Amino acid sequence: MKKWIKPFTAMLMAVTLIGGLGGATTASAAKSTEKGKIVINGSSALLPLTLQAASEFKKDNPKVKISASAAGSITGPQSVRKGIADIGAVDWDASKDVPGFKKFDGLVANPVAVTVFTAVVNTNVGVSNLTTKQLQDIFSGKITNWKEVGGSDANIVVVNRKFGSGTRVNFQQKALDGKDFMSKGDNYKEVGSSGDMKTTIETTPNAIGYIDLPYVTSKMKAVSINGIAPTEKNVLNKTYKVWGIGYYMTKGQPTGATKAFIEYIQSSKFQNGSLKKLKFIPLAAVK
């Protein structure tokens, strides 16, 4: 997992090209007839999954080149609609209206993974559980000191994702019950990607933010909500509610190499293998 997290930098705007991995042609790769280029843009929460799947897919499909970038969920369907990308990675079904965003007509939502989102704090914060009301009051700016929720006497630094983030959409709707975020203040920060959130929480004392499980490291703490920890087990037993399905949006039904790549991610081999190792949950597990 760490090998995917370490390269993430400030805005994750740089394009990652996956090509020529392994060099040698295997017996299975020699049988592949897929070729072309797949451009993926959108969710930084889904980026670890995208990169891992691209690496594996390339081994059996050496004539397919994949480029992936992550500037936030909303950029995914926007890029597909404009013809800039073949796949728009997004943390909600962008073919339907969701709070704050109109649907993207003509795009098809291809589900790829279940993503668990969690509130996270810097390791110096002596709080590991918060209620829904406490989270609402912290992220709205009503509670400003950790001592108000059982922690030490220290000002809370709230770290938020910028508008257009799918992680933000999921966290606001499911952890905060739709309550508004604060938007300014001396102890308020906004970041542009999951990678930026990870770095900011790790390096900012007294900080709180939110992120998906693949980005959680030993340099931060995942916070339980109402006494329920953000784990796969608790998602599957329906006690932890802060999760969503990630989608690859395409212009119409996918075809060619794009279709083959999506089908690989949806395959039981990947879903029950690398996807689970990256702390995502297989789609079939929540049906």
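Residues numbered from 1 in each chain as written. Predicted model: local features only at pLDDT ≥ 70, side-chain atom pairs only at ≥ 80, totals over all residues. Heavy atoms only, no water.

> For this particular structure, what's the right way to read the packing of aromatic side chains?
For any pair of aromatic rings, the description consists of the separation of the ring centres together with the inter-plane angle of the planes. For the structure on display, the rule yields 11 aromatic pairs. Seen from their ring centres, W92 and F101 are 4.8 Å apart, and the 25 degrees between their planes marks the pair as stacked. For W92, a relative accessible area of 6% translates into the label buried. A network of ring pairs unites the aromatic residues F57, Y248, F261, Y264 and F270 as a single cluster. (Phe/Tyr/Trp six-rings, centres within 6.5 Å; stacked < 30°, edge-to-face > 60°. Buried < 20%, exposed > 50% of the residue type's maximum accessible area, 1.4 Å probe, protein only.)

> Could you clarify how one ought to interpret helix 6 (residues 166–174) in this entry?
Owing to its 3.6 residues per turn, the α-helix brings residues three or four apart onto one side. The element helix 6 is largely enclosed, with a buried count of 7 among its 9 residues. All of the buried residues along helix 6 are G166, T167, R168, V169, N170, F171 and Q172. The N-cap residue of helix 6 is S165: its side-chain oxygen and the backbone nitrogen of T167 are 3.2 Å apart. (Helix = DSSP H or I, 4+ residues; strand = E, 2+ residues; numbered from the N terminus. Polar contact = N/O pair within 3.5 Å; in protein donor to acceptor, adjacent residues only side chain to side chain.)

> Please clarify how the pattern of salt bridges should be interpreted in this entry.
Once the charged atoms of two side chains with opposite charge are near each other, the side chains can pair. Summed over the entire model, instances satisfying the criterion amount to 5 salt bridges. With a shortest N-O distance of 3.2 Å, K198 and E202 are connected by a salt bridge. Remark: E202 and K198 occur in helix 7 (residues 194–203); sequence separation between them is 4 residues, near one turn of the helix. Per residue, the accessibility class of K198 equals that of E202, and both read buried. The salt bridge involving K259 is made with E263; its shortest N-O contact spans 4.0 Å. Pair noted here: K259 and E263 are both in helix 9 (residues 256–266), with a separation of 4 residues, about one helical turn. (Salt bridge = Lys/Arg side-chain N within 4 Å of Asp/Glu carboxyl O.)

> Even after reading the chapter, I still don't get the pairing of strand 5 (residues 107–122), so can you show me in this structure?
Here is the key point about a regular strand: its side chains alternate between the two faces of the sheet. Within strand 5, 14 of the 16 residues are buried, leaving the element largely enclosed by the surrounding structure. Alignment of strand 5 against strand 10 (residues 220–225), held across 4 bridges, turns out to be antiparallel. The partner of N122 across the bridge, within strand 10, is M220. (Pairing = 2+ DSSP bridges.)

> I tried to follow unusual backbone geometry on my own but got confused; where do I start?
Trans peptide bonds make up most of the peptide bonds, and negative phi angles are found at most residues other than glycine. The residue N226 is not glycine, and still its phi comes out positive at about 55 degrees. Positionally, N226 belongs in the loop between strand 10 and helix 8 (232–236). Judged by its relative accessible area of 46%, N226 is partly exposed. The phi angle at K238 is positive, at roughly 65 degrees, despite the residue not being glycine.

> Just checking my understanding: could you explain the packing of helix 3 (residues 47–60) against helix 9 for this structure?
In a pair of packed helices, the angle between the axes and the distance between the axes together describe the arrangement. Close contact between helix 3 and helix 9 brings their axes to 10 Å; oriented N to C, the two are set at 110 degrees. By the criterion of interaxial angle, the relationship of helix 3 to helix 9 is roughly perpendicular. Between helix 3 and helix 9 lies a crossing whose hand is right-handed. Contacts between helix 3 and helix 9 involve L49, T50, A53, A54, E56 and F57 from the first element and A257, A260, F261, Y264 and I265 from the second. Looking at the contact of helix 3 with helix 9, its residues break down into 9 nonpolar, 1 polar and 1 charged. (Axes fitted to C-alpha atoms, helices over the stretch in contact; angles between N-to-C directions. Parallel < 35°, antiparallel > 145°, perpendicular 65-115°, else oblique. Left-handed = near helix turned anticlockwise from the far one by under 90°. Contact = heavy atoms within 4.5 Å. Nonpolar A, V, L, I, M, F, W, Y, C, P; charged D, E, K, R; others polar.)

> What should I look at first to understand the pairing of strand 2 (residues 36–42) in this one?
As judged from the 5 bridges shared by strand 2 and strand 3 (residues 64–68), these two strands associate in the parallel manner. Within strand 3, the residue paired with V39 across the bridge is S67. In this view, the connection linking strand 2 to its parallel neighbour strand 3 by way of helix 3 has right-handed handedness. (Right-handed = clockwise from strand over helix to strand, strands pointing away.)

> Looking at this structure, I do not really get the side chain of Q52. What am I missing?
Relative to the helices and strands, Q52 resides in helix 3. For Q52, a relative accessible area of 13% puts it in the buried group. There is a polar contact of 2.7 Å between the side chain of Q52 and the side chain of E56.

> Where do I start with the side chain of N160 in this structure?
Looking at the element boundaries, N160 is found in strand 7 (residues 157–161). Take N160: its relative accessible area is 0%, and that puts it in the buried class. Of the polar contacts made by the side chain of N160, one reaches the side chain of Y210; its length is 2.3 Å.

> What's the story with the confidence of the model for the protein chain in this structure? I'm lost.
Predicted coordinates in areas of low pLDDT are best not read in detail. Confidence in the prediction for the protein chain averages 91 pLDDT; 89% of positions are at 70 or higher. Within the model, the stretch residues 1–29 combines pLDDT values under 50 with 63 contacts to residues more than four positions away or in other chains. (pLDDT = per-residue confidence, 0-100.)

> For this particular structure, what's the right way to read the nonpolar core?
Nonpolar side chains tend toward joint burial in soluble globular proteins. Judged by nonpolar contacts, the single largest core of 73 residues is most densely connected at I138, F139, W146, F171, I208, Y248 and F261. Here the element with the most residues in this core is strand 5; it accounts for 8 residues. In contact with Y248, not counting residues within four places along its chain, are L49, T50, I87, G88, A89, V108, A109, N110, V112, F261, I262 and I265. Within the second largest apolar cluster, 13 residues are counted, among which are I74, W92, A94 and F104. (Core = buried A, V, L, I, M, F, W, Y, C linked by side-chain atoms within 4.5 Å.)

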